[in-house]
Amino acid sequence: MSLNHLLQRADCAYTARFGGEPLWHAAAPGRVNLIGEHTDYNGGFVFPMAIERYTVIAAGPRAGGKKAAVWTDTFDEEAEFELARKEPPAEKVDWRSYVAGTIGCVLEKGLAADPFNAVIVSDVPLGGGLSSSASLEVGVATLLEAVSGTAIDPVEKALLCQKAEHEYAFMPCGIMDQFISAMAAEGHAMQLDCRSFERKNVPLSDPRIAVLVTNSNVKHTLSGSEYPQRRADCAKAAELLGVRLLRETAVPALEDSRAKFDALDDGERIYRRARHFLTEEERVARFAQALAAGDWQAAGEAMYEGHRSLKEDYEVTCPETDALVEIAERIGAGGGVYGSRMTGGGFGGCTVSLIEAGKAESIAEQIRTAYRKATGIEPAIFVTRAAAGARIL
Ligand code: GLA
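A quick note: this is a predicted structure, and the numbers were derived from the prediction, not measured.

Reading guide: rules and limits
- Residues numbered from 1 in each chain as written.
- Predicted model: local features only at pLDDT ≥ 70, side-chain atom pairs only at ≥ 80, totals over all residues.
- Heavy atoms only, no water.
- Near = heavy atom within 4 Å.
- Polar contact = N/O pair within 3.5 Å; in protein donor to acceptor, adjacent residues only side chain to side chain.
- Areas by Shrake-Rupley, 256 points an atom, 1.4 Å probe, with all protein chains shown as cover.
- Nonpolar A, V, L, I, M, F, W, Y, C, P; charged D, E, K, R; others polar.
- Domains from an automatic or database assignment.
- Helix = DSSP H or I, 4+ residues; strand = E, 2+ residues; numbered from the N terminus.
- Buried < 20%, exposed > 50% of the residue type's maximum accessible area, 1.4 Å probe, protein only.
- Contact = heavy atoms within 4.5 Å.
- Pairing = 2+ DSSP bridges.
- Expected span 1.5 Å × (residues − 1).
- Phe/Tyr/Trp six-rings, centres within 6.5 Å; stacked < 30°, edge-to-face > 60°.
- Lys NZ or Arg CZ within 6 Å of the ring centre and 35° of its normal.

1. Examining the site of the ligand
Working step 1: Every residue close to the ligand is listed here: Arg31, Glu37, His38, Asp40, Tyr41, Cys173, Gly174, Met176, Asp177, Tyr227, Gly344 and Gly345.
Working step 2: Between the ligand and Glu37 there is a distance of 2.6 Å, counted from an oxygen atom to a side-chain nitrogen or oxygen.
Working step 3: The separation between an oxygen atom of the ligand and a polar side-chain atom of Asp177 is 2.6 Å.
Working step 4: Isolated, the ligand exposes 310 Å² of accessible area, and the fraction of that covered by the protein chains is 95%.
Working step 5: By residue class, the composition of the shell around the ligand is four nonpolar, four polar and four charged.
Working step 6: Here the shell around the ligand gathers at least three residues from each of two domains, domain 1 (3-203) and domain 2 (209-384).

What follows is the structure in structure tokens.
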């Protein structure tokens, strides 16, 4: 669905629900990460781009009270949110948690919003690893900018949204998803240094190249507990290596310290987690160089290697995403696929592939057929251009 369609849907829903026309509109995209996975919370590099899938919010003033009434079409549910004080987080996490958290964190920062009614529509698939939650948070924060008439510095906005996710969804995420949803430049991926927040917009608009997203349509329940475990493993590795963040070390130092890891019961696992991070840093740099040189094959090779490292060292892939990458690799450069890897947190969700644009349809068909045969599951496949970040419309 295009952004215009989503806007129309939001407007219709608004009128049906609250009457009249909405006064404010905000949109925030989902994202796909091209490379640099599980690196953000280690202070490393990521390489995401925003996708042409959005959360769109339409809103208008509400009479009386100090609350916002918000309806979401994803669940066909409406809820009220406090605007006068920061609500405590609910124990059970659902869509309300992201809305309440973002409102709370943004207002706490000093923004004042008058009461409003809002509807949320989205075509970012839920739980698909394409940052549906970040796009919801950033969408709500952007709407609050519109309602209050106050712009928030985009870096601060991303950090407030991350805070909302930490405090209200209890997910200790890094900064990648909120950064790219808030700050993406159209036609560009973002090479982001998650330690300094320095970012470079890298053009990704060669018409011969396309980015193909394949949703495995599985989400293993492990993801909730495993993510904090990965963070803890990396923190432990940093401690063993005598650095604050893994970003401050490199592969040779890791190898020199092997004995320290071997001395621990779970040292071998922690060593592999660190090795994933440190080799991924090198792959991000290689990917960036290859992209700049238009060397798609070299860029794709870094993606395949990244997937293997996520599978073997970081252990966040699953049989379904492994199958998708194997299928892509079998099609190969001859068939128009340069590279492919899982994207996002892992344990299901999507893969991202760099492909020859002219062969997109045939590639999608081959992946669909082979994946169905291997798993019995119907994947969802789409090509996307690099979209622009959040905005008031
Ligand atoms: C999730 C988190 C991000 C990042 C990725 C893995 O999407 O929200 O911060 O850590 O996983 O790269």
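2. Looking at the side chain of Thr72
Working step 1: Looking at the secondary structure, you find Thr72 in strand E4 (residues 67-72).
Working step 2: Thr72 sits in the buried class, given a relative accessible area of 3%.
Working step 3: At a separation of 3.1 Å, a polar atom in the side chain of Thr72 contacts the main-chain amide nitrogen of Thr74.
Working step 4: Those residues in contact with Thr72 that sit more than four places away from it in its chain are Glu77, Trp95 and Ile120.

3. A word on the pairing of strand E3 (residues 48-61)
Working step 1: Of all 14 residues in E3, eleven are buried; the element is thus mostly enclosed.
Working step 2: Here E3 pairs with strand E6 (residues 116-122) via seven bridges, running antiparallel. Opposite Ile57, over in E6, you have Ile120 as the bridge partner.

4. Quick word on helix H2 (residues 95-108)
Working step 1: Taking 1.5 Å per residue as the helical rise, H2 with its 14 residues ought to reach 20 Å, and the 20 Å between its terminal C-alpha atoms agrees with that figure.
Working step 2: With twelve of 14 residues buried, H2 lies mostly within the body of the structure.
Working step 3: When H2 is considered as a whole, its buried residues turn out to be Trp95, Ser97, Tyr98, Val99, Ala100, Gly101, Thr102, Ile103, Gly104, Cys105, Val106 and Leu107.
Working step 4: Positive backbone phi, approximately 120°, marks Gly110, located one or two places after H2.

5. Concerning the packing of aromatic side chains
Working step 1: In this structure the tally under the stated criterion is six aromatic pairs.
Working step 2: Note on Tyr14 and Phe18: the rings are 5.4 Å apart at their centroids and 50° apart in plane angle, and the pair reads as tilted. Here Phe18 and Tyr14 lie together in helix H1 (residues 3-18), a separation of four residues that amounts to about one turn.
Working step 3: With a centroid separation of 6.1 Å and 70° between ring planes, the pair formed by Phe81 and Trp95 is classed as edge-to-face. Here the residue Phe81 occupies a position in strand E5 (residues 77-82), and Trp95 occupies one in helix H2, the gap between them amounting to 14 residues.
Working step 4: Over the ring of Tyr314 we find Arg230; its NZ or CZ atom is 6.0 Å from the centre of that ring.
Working step 5: Its guanidinium or amino end placed over the ring of Tyr271, Arg258 lies 3.7 Å from that ring's centre, counting from NZ or CZ.

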